[in-house]
Amino acid sequence: MSAVVGAETATAAAPAVVGVRRRTSFRAVFGLAVLLLMSGAAVAAPRIAPWDPGRQMLAKRLRPPAWQTRGLREHPLGTDHLGRDILSRILYGGRISLGVGLSAVTLSACLGVSLGLLAGFHGGRTDALIMRVVDVFLAIPYILLAMGVVFALGPSLLNVILVMAVTRWVQFARIVRADVLSLREREFVAGARARGNRSLRLLLRHVLPNALTPIIVVATLELAFMIIYESALSFLGLGVQPPTPTWGWMLSDGRNYVATAWWLATFPGLAIMLTVLAVNLLGDWLRDTLDPRLRVQ
Amino acid sequence: MGVPTEAGVLVRLLGDDLSMLAYVGRRLGQSVLVLLGVSVIVFGLLHLTGDPTRLLLPLEAREEDVRQLRALLGLDDPLWLQYVRFLGHALRGDFGLSFKHQVPALSLIFQTLPATLELTAAGLTVALVVAVPAGVLAALRRNSALDALCSVGVLLGQAMPVYWLGLLLILVFAVQLRWFPAAGRDGLASLVLPAVALGAFSMARIARMTRSGMLEVLAQDYVRTARAAGLRAFVVTYKYALKNAAIPLVTVVGLEFGILLGGAVITETIFAWPGVGRLAVDAIFSRDYPLVQAIVAILATVFVLINLAMDLLYTYLDPRIVFARSRG
Amino acid sequence: MPPLLAVERLQTHFPTSQGVLRAVDGVSFTLERGEVLGLVGESGCGKSVTSLSIMRLVPPPGRIAAGRVLFEGENLLAKDDEAMRRVRGARIAMVFQEPMTSLNPVFSIGDQIAAAVLAHAGGGRRAAWEHGVAMLDRVQVPSPRQRARDFPHQLSGGLRQRAMIALALASGPAVLIADEPTTALDVTIQAQILDLLRRLQAERGMAVLLITHDLGVVAELCHRVAVIYAGRIVEIAPVRSLFARPLHPYTRGLLQCLPHPSRFGRPLTTIEGVPPDLRQLDAGCRFAPRCAHAIASCRATEPALEESEPGHFVACPVLG
């Protein structure tokens, strides 16, 4: 016995839905700016670094940053225990951190997304199997696994990237699987199926573009994690080996001089923190803009 | 739904217990499978390069020695046989002797595990004690100065590598201020700095989750119903809403424990905390592979058990999960 | 004798990025003791927001901008938070539309009702629980003692709504605001719940503000009806009067839209046009753009509610 009244309008609907303010986020801009700065510096390192990062100038060892009393102007951030310029080492270190981070994330994403698609789409046994594998990888502390593997295979750039990718793919797999599962139920997939699309094409053309959003968000956050991860491995001596400078390695060196030469450890740490902060800010902004549904990980 | 008979009610009551039991059983089964998988990986670590002897012996070892070692460790047998043997030993707690210390690997772990668990638990406690109230307050006073402060804190906490924070803490509180010892495990004071360093990373994530969880819950209809019934604001927030928001938090805590276990490895190295993490780093560098295997296996087991406990806690708190299957 | 509840020129606004949305823009009506007043309108016309405003539960960023809500002579909008809290549930209670989301999934319904009781009365948990069981019995929930231990998802829609009603009435309020109490339910269950509401209302002599878009429900339950359109009341009348002699063009349109056996075989009528954007309101009568009887003055000045017949108010100078 309901009355059939005119059409509903979107504007007249629940007043609780208030327009979202499209104000450019200060955080996102800041994050992007910092990130661009860091990447630029990393790429241009050979050209802008004042010194060769491996050059030991023992006469000038343990000099504090330029603004302190014993500091030297040609070494703005000071020198380390072997007389190497800290600023140059940080610039070069950025190449490793960002480079390894990006490669590892890409690899990790490829692995994780494929497995996630497989699990979500085929369901049943495949799904259960892949999920158990995910659980296994989650159960083992990634640091230990990485350490074990790197030590077995030898610490090289490639091995570090590989092991980082292999321990973190689960993040992608889970999110992709969840998305695929929910998308499967939606009508448009059923519609496409009814038109006789083969499974793979169905996957690639319909499901993947929709799952792309969370993948991008997770990728940015994982990048931040990878940067810290790589530096942790370096710190423990299992990352890329000297003479290539990495931020983690610098921190490890600086550890012994915490009380006497604080700048050895502080600047690389700051560099890591700023980069990770920038990536996180960007990732947060992406998440808020692209997919407000996506819950905090 | 009709008028339930006495028998009907009885079946319903039993049904609840049965489905709960079934769920527990299922989770246990899953955990066992996971542990099996872990054992495969642990076993595989040694065989990654194809020839474990290269890892166990110095490079200059003679052919003689290599052959002897292979025979001793049964490395010429088919792989699956080696795995089964490994599994058999592992289940009995026999991971072999630590090369460096010449005592059973497991006993070494048991000696150091309490220290690590103590540190991890302390770190998690610090994180929860700070993060949960912060998250709740941030949700209540949304878009206020407090909220902004919390988000900044969260961002910084997430961006800081745990070992850098550790070093900074040592620099400020141990070296400059001399309030806390810089290293070692020696009474409650020595636990503070490492626990804070370890907890900081989790703090950020937990605060965020709490805040967004609370925001979501506070926007729900049932909170409106509670207010409409005249419940006090305090009761609505802390008794009503928090229980709903805490439930997903429980699973997060389980996962965080795993992350913290990993972070403990580094924290223990910096603070010279005599735990499993430090033992592990040491073992890897001294090529003490039986010990490494044992450590990974035990830590993974602890993680799986903790998560199982968290899952069960979750079902206790959220009645929808178990019963969703048993009735429509 | 002053009315039990009197809403005077209530205005509730929501700031949006495209202007202020005036969800309730000058609503006035009264509710007498023991009467059932229906508040009818289509989705988005402001009826729910009106009820939330009376309870002062408008979700932010909405705010009550002007007007008074007099309950037993006192202005609710002027009370402080604690005083208002004591009114909610104990003096004025509310039942919501969606029983599934309106009940907390992690507490048993007995616990929730007991909590509502304890919010206003002392007496301890035992007594509150017993009272809850008694209330469930009053709303005709079978096996109330066992049911009280159930969780919302274990109950059917009809039972959940009964539980909601029990929760609302637990502290014996003088006014019940029911916001679309049957909309989310199956038709057969709807009838049962309406029956229950009618019984409870008669038993307790409660005043009920029934919010609905369903004219059928209005016909069954209400003594008087107020029709609301685009945030303003356009007609108030005793129920028989409204159905027999609808005066406002909008009300007439609503009634004509109802399928009727006499018009069997002919296409259903609709009201042409769409409701206005509540953020950008033009001067004059809000229904004018859709009204077949509109004249020039309709678009210029906002019509006021005038008493056309005894007890029958309408805001239309043309037909009223």
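Keep in mind the model is a prediction, meaning the values are calculated, not measured. (Residues numbered from 1 in each chain as written. Chains lettered and ligands numbered in written order. Predicted model: local features only at pLDDT ≥ 70, side-chain atom pairs only at ≥ 80, totals over all residues.)

Caption draft 1: Broad picture of the overall build of chain B. Within chain B, the regular secondary structure consists of 13 helices and 0 strands. Each helix and strand of chain B, ordered N terminal to C terminal, gives the series α-α-α-α-α-α-α-α-α-α-α-α-α. For chain B, the proportion of its 328 residues judged to be buried stands at 40%. For chain B, contacts bridging at least 24 residues in sequence account for 72% of all contacts bridging at least 6. (Helix = DSSP H or I, 4+ residues; strand = E, 2+ residues; numbered from the N terminus. Buried ≥ 20, exposed ≤ 12 C-beta atoms within 10 Å, placed from the backbone. Contact = placed C-beta atoms within 7 Å.)

Caption draft 2: Inspection of the interface of chain A and chain B at higher detail. Taken together, the contacts link 37 residues of chain A with 38 residues of chain B. Those elements that provide at least two residues to the side of chain A that touches chain B are helix 3 (124-139), helix 4 (142-153), helix 7 (199-235), helix 8 (247-255) and helix 9 (263-290) of chain A. Top contributing element to the side of chain A that touches chain B by residue count: helix 4 of chain A, with 9 residues. Split into classes, the residues belonging to the side of chain A that touches chain B amount to 29 nonpolar, 4 polar and 4 charged. (Nonpolar A, V, L, I, M, F, W, Y, C, P; charged D, E, K, R; others polar.)

Caption draft 3: Representation of the interface of chain B and chain C within the structure. Listed as interface residues are 24 residues of chain B and, on the opposing side, 29 residues of chain C. Secondary-structure elements contributing two or more residues to the side of chain B that touches chain C are helix 9 (221-228), helix 10 (233-271) and helix 13 (320-326) of chain B. Per-element accounting of the side of chain B that touches chain C gives the leading share, 6 residues, to helix 9 of chain B. Tallied by class, the residues present in the side of chain B that touches chain C amount to 12 nonpolar, 4 polar and 8 charged.

Caption draft 4: Quick look at the sheet that holds strand 3 (residues 36-40) of chain C. All names here are of chain C. Judged by pairing direction, the sheet is mixed, and its 8 strands sit side by side in the order 6-7-8-3-9-10-12-11 without closing on themselves. Where the open sheet ends on each side, the last strands, each with one partner, are strand 6 (92-95) and strand 11 (306-309). Taken over all neighbouring pairs, the strand axes of this sheet differ in orientation by 20° on average, direction set aside. Taken strand by strand, helix 7 (residues 157-169) contacts strand 6 and strand 7 (175-179), and its axis lies near 170° from that of strand 6. (Pairing = 2+ DSSP bridges. Axes fitted to C-alpha atoms, helices over the stretch in contact; angles between N-to-C directions.)

Caption draft 5: Quick look at the confidence of the model for chain A. Residues and elements named next belong to chain A. Looking at chain A, the pLDDT average stands at 77 and 81% of residues meet or exceed 70. The secondary structure element of chain A with the lowest average pLDDT is helix 6 (residues 187-194), at 61, and the one with the highest is helix 2 (residues 86-122), at 87. Confidence drops under a pLDDT of 50 for residues 1-22, and excluding neighbours within four residues, the segment shows 49 contacts in the predicted structure. (pLDDT = per-residue confidence, 0-100.)

Caption draft 6: How the structure looks around unusual backbone geometry. Residue and element names in this part refer to chain C. Of note, the bond from P60 into P61 is cis; its omega dihedral lies within 30 degrees of zero at 10°. Tracing the chain through its elements places P61 in the loop between helix 1 (47-55) and strand 4 (63-71). One non-glycine residue, R9, lies in positive phi territory at about 45°. A count of 12 C-beta atoms within 10 Å places R9 in the exposed class. Although it is not a glycine, E180 adopts a positive phi angle of roughly 50°. With respect to the element layout, E180 can be found in the loop between strand 7 and helix 8 (187-204). On the basis of neighbour count, E180 is assigned to the buried category, with 21 C-beta atoms found within 10 Å.

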